[in-house]
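Structural description and commentary
Next come the chains, spelled out residue by residue.
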Amino acid sequence: MVPVRQDKSPQELRLSAKVAKDGKVVQRILGIALILDGRERSEAASLVGLGPQTLARAVERYNADGIAGLSDRTSPGRPPKLTPEQSVDLKRMVLAGPEDRENGCPEFKVRHIVALVKDKWGIRLSPETARTQLHAMNLVHLVCRPKHHQADPVAQAAFKDKFSEALAKIKSDHPEAKHVEVWAQDETRVGQKGKIGRRWAEKGSNPTTLVYGGFKSVWLFGAFCAERDVGAALVAESVSTAAMNTHLAIISQTVLPNNHAVVLVDGAGFHAQSKDLVVPPNMTLLTLPAHSPELNPAEGVWEFLKNGELMHRLYRTADEIIDRCCSAWNSLANEIGRIRSLCSYPWLMGKPEPP
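Anyway, here's the lowdown on the structure attached to this text. (Residues numbered from 1 in each chain as written. Predicted model: local features only at pLDDT ≥ 70, side-chain atom pairs only at ≥ 80, totals over all residues. Heavy atoms only, no water.)

All right, on to the overall build of the protein then. Helix and strand counts for the protein stand at 12 helices and 5 strands. Taken over the C-alpha trace, the protein has a radius of gyration of 33 Å; the compact-globule value for 355 residues is 20 Å, which it surpasses by more than 25%. Once the C-alpha set of the protein is aligned to its principal axes, its extents read approximately 100 × 55 × 45 Å. Within the protein, the proportion of its 355 residues that are buried is 36%. Counting contacts in the protein only where the partners sit at least 6 residues apart, residues at least 24 apart contribute 64% of the total. Of the roughly 21800 Å² of accessible surface on the protein, 53% is carried by carbon and sulfur atoms. Here the protein contributes 46 positively and 40 negatively charged side chains, and the mean placements of these two sets differ by 6 Å. (Helix = DSSP H or I, 4+ residues; strand = E, 2+ residues; numbered from the N terminus. Rg over C-alpha atoms; globule rule 2.2 N^0.38 Å. Buried < 20%, exposed > 50% of the residue type's maximum accessible area, 1.4 Å probe, protein only. Contact = heavy atoms within 4.5 Å. Areas by Shrake-Rupley, 256 points an atom, 1.4 Å probe, with all protein chains shown as cover. Lys, Arg positive; Asp, Glu negative; His and termini not counted. Charge placed at Lys NZ, Arg CZ, Asp CG, Glu CD.)

Okay, the packing of helix 5 (residues 84-96) against helix 6 (residues 110-121) next. The geometry of helix 5 relative to helix 6 is characterised by a closest axis approach of 12 Å and an angle of 130 degrees between their N-to-C directions. Judged by the angle between their axes, helix 5 and helix 6 are oblique. Taken as a pair, helix 5 and helix 6 cross one another with a handedness that is right-handed. Of the residues in helix 6, those in contact with Gln86, Asp89, Leu90, Met93 and Val94 of helix 5 are Ile113, Leu116, Val117, Lys120 and Trp121. (Axes fitted to C-alpha atoms, helices over the stretch in contact; angles between N-to-C directions. Parallel < 35°, antiparallel > 145°, perpendicular 65-115°, else oblique. Left-handed = near helix turned anticlockwise from the far one by under 90°.)

Attention now goes to the side chain of glutamine 192. For glutamine 192, the position within the fold is in the loop between strand 1 (179-191) and strand 2 (217-225). For glutamine 192, a relative accessible area of 2% gives the class buried.

Another point: the packing of aromatic side chains. With the rule as written, the count across this model stands at 5 aromatic pairs. The ring of tyrosine 62 carries the charged tip of arginine 5 above its face, separated from the ring centre by 5.5 Å. A cation over a ring is seen here: lysine 193 above phenylalanine 215, with NZ or CZ 4.6 Å from the ring centre. (Phe/Tyr/Trp six-rings, centres within 6.5 Å; stacked < 30°, edge-to-face > 60°. Lys NZ or Arg CZ within 6 Å of the ring centre and 35° of its normal.)

This next bit is on a negative patch on the surface. Where like charges cluster on the molecular surface, the negative patch consists of Glu237, Asp319, Glu320 and Asp323. Taking the relative accessible area as the measure of exposure, aspartate 323 reaches 53% and is therefore exposed. (Patch = residues over 30% accessible without salt bridge, like charges linked within 9 Å, V, L, I, M, F, W, Y side chains within 5 Å. Salt bridge = Lys/Arg side-chain N within 4 Å of Asp/Glu carboxyl O.)

A word on the environment of arginine 39. Take arginine 39: it is sitting in the loop between helix 2 (23-36) and helix 3 (41-48). Overall, the relative accessible area of 37% leaves arginine 39 in the partly exposed class. Among all residues touching arginine 39, those that are not within four sequence positions of it are Leu34, Ala44 and Leu47. Only 2.9 Å separates the side chain of arginine 39 from the side chain of glutamate 43, close enough to count as a polar contact. (Polar contact = N/O pair within 3.5 Å; in protein donor to acceptor, adjacent residues only side chain to side chain.)

Okay, the pairing of strand 3 (residues 230-236) next. Across 7 bridges, strand 2 lies against strand 3 in antiparallel orientation. Residue leucine 220 lies in a different strand from strand 3, and its bridge partner there is valine 235. Taken together, strand 2 and the strand that follows it, strand 3, pair antiparallel across an intervening segment of 4 residues, in which aspartate 229 is found at a positive phi of about 60 degrees. (Pairing = 2+ DSSP bridges.)

This paragraph deals with the packing of helix 2 against helix 4 (residues 52-65). Look at helix 2 against helix 4: their axes get within 10 Å of each other, and the N-to-C directions meet at 85 degrees. Considering the angle they form, helix 2 stands roughly perpendicular to helix 4. Contact residues: helix 2 offers Arg28, Gly31, Ile32 and Ile35, while helix 4 offers Leu55, Ala58, Val59, Arg61 and Tyr62. Along the lines of polarity and charge, the residues of the contact of helix 2 with helix 4 split into 6 nonpolar, 1 polar and 2 charged. (Nonpolar A, V, L, I, M, F, W, Y, C, P; charged D, E, K, R; others polar.)

Our focus in this paragraph is the pattern of salt bridges. Working definition: two side chains of opposite charge can pair if their charged atoms are close together. A full pass over the atoms with the stated rule returns 14 salt bridges. Between arginine 73 and aspartate 65 there is a salt bridge; the shortest N-O distance is 3.2 Å.

Take a look at the structure:
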């Protein structure tokens with residue numbers, strides 16, 4: 001029988017039990033205190049509600065580490081199959097994607113990653129283990145945003161880097177303005193071929209939603225000021241310079257008095273390139289680089305609406321589409337902080353971009 005260390009008296013152990021927060025630790029401390037009182041170990045275990053073997057193990061841990069050794073120890077679990085170096089290498093390969101996208105798989109699926117680990121290191125992983133490993137590396141399976149094949153990353157980076165300079169120049173050109181507001185303008189088509197999105201359903205089921213196979217559609221023009229958390233919208237049956245002029249007039253009325261607006265627009269023919277475009281005096285248009293929708297915060301608003309209020313809608317007439325667009329817009333505009341949340345790009349707000 002292993003003797004109990006004698007550095008603490010039974011009274012001191014009972015005082016420690018009073019302040020212990022873990023009920024199991026309290027049982028073990030009181031059991032050891034009873035042993036030091038001279039009780040038989042089987043009797044002490046019975047009095048505190050422990051098995052004799054459990055109390056014996058508690059005595060061994062108490063002798064080795066004192067009261068601190070009586071807390072439950074977290075099991076280390078099964079050792080990982082991949083070393084830290086292999087995990088770093090695997091993350092690099094997953095982020096790089098397949099080597100032969102043209103002739104092989106275009107993107108990695110879990111089964112491809114399982115095969116990759118087996119071919120490179122001879123380690124067999126189950127699909128569940130592979131998913132756990134990917135999540136541990138902070139990797140998730142995300143939907144890609146489309147990127148135009150003619151997009152110029154250099155021009156996009158230069159536009160963001162020089163945006164504050166362009167803003168300062170516009171402000172100096174309009175000394176009468178108390179403040180310069182930054183707006184982002186865009187338009188999106190909403191029609192009978194609506195957005196199909198996600199819904200909660202039982203695992204393994206195949207949920208469906210009704211769609212209308214027609215071709216009626218309208219255009220939702222929108223402009224957003226993240227700083228003020230406001231927007232200005234117009235619903236038109238088609239895109240045209242006339243519709244753009246009307247929208248610019250609506251934006252101009254939304255700009256605060258004595259302020260000047262810088263409105264980001266893309267290079268569509270009915271935007272800044274049109275000779276018939278009428279730009280209000282309290283506004284300056286700033287054209288984004290070609291094929292750069294990712295620089296326009298409005299794209300995120302359209303995605304939000306089409307995955308929310310405009311999703312899974314059945315439209316029979318153009319008037320129904322217009323009514324739904326107006327309802328969705330009013331819901332967006334009335335949600336405090338939503339426009340600011342969707343449109344606050346760091347470079348647009350004059351803040352450094354995250355690494």
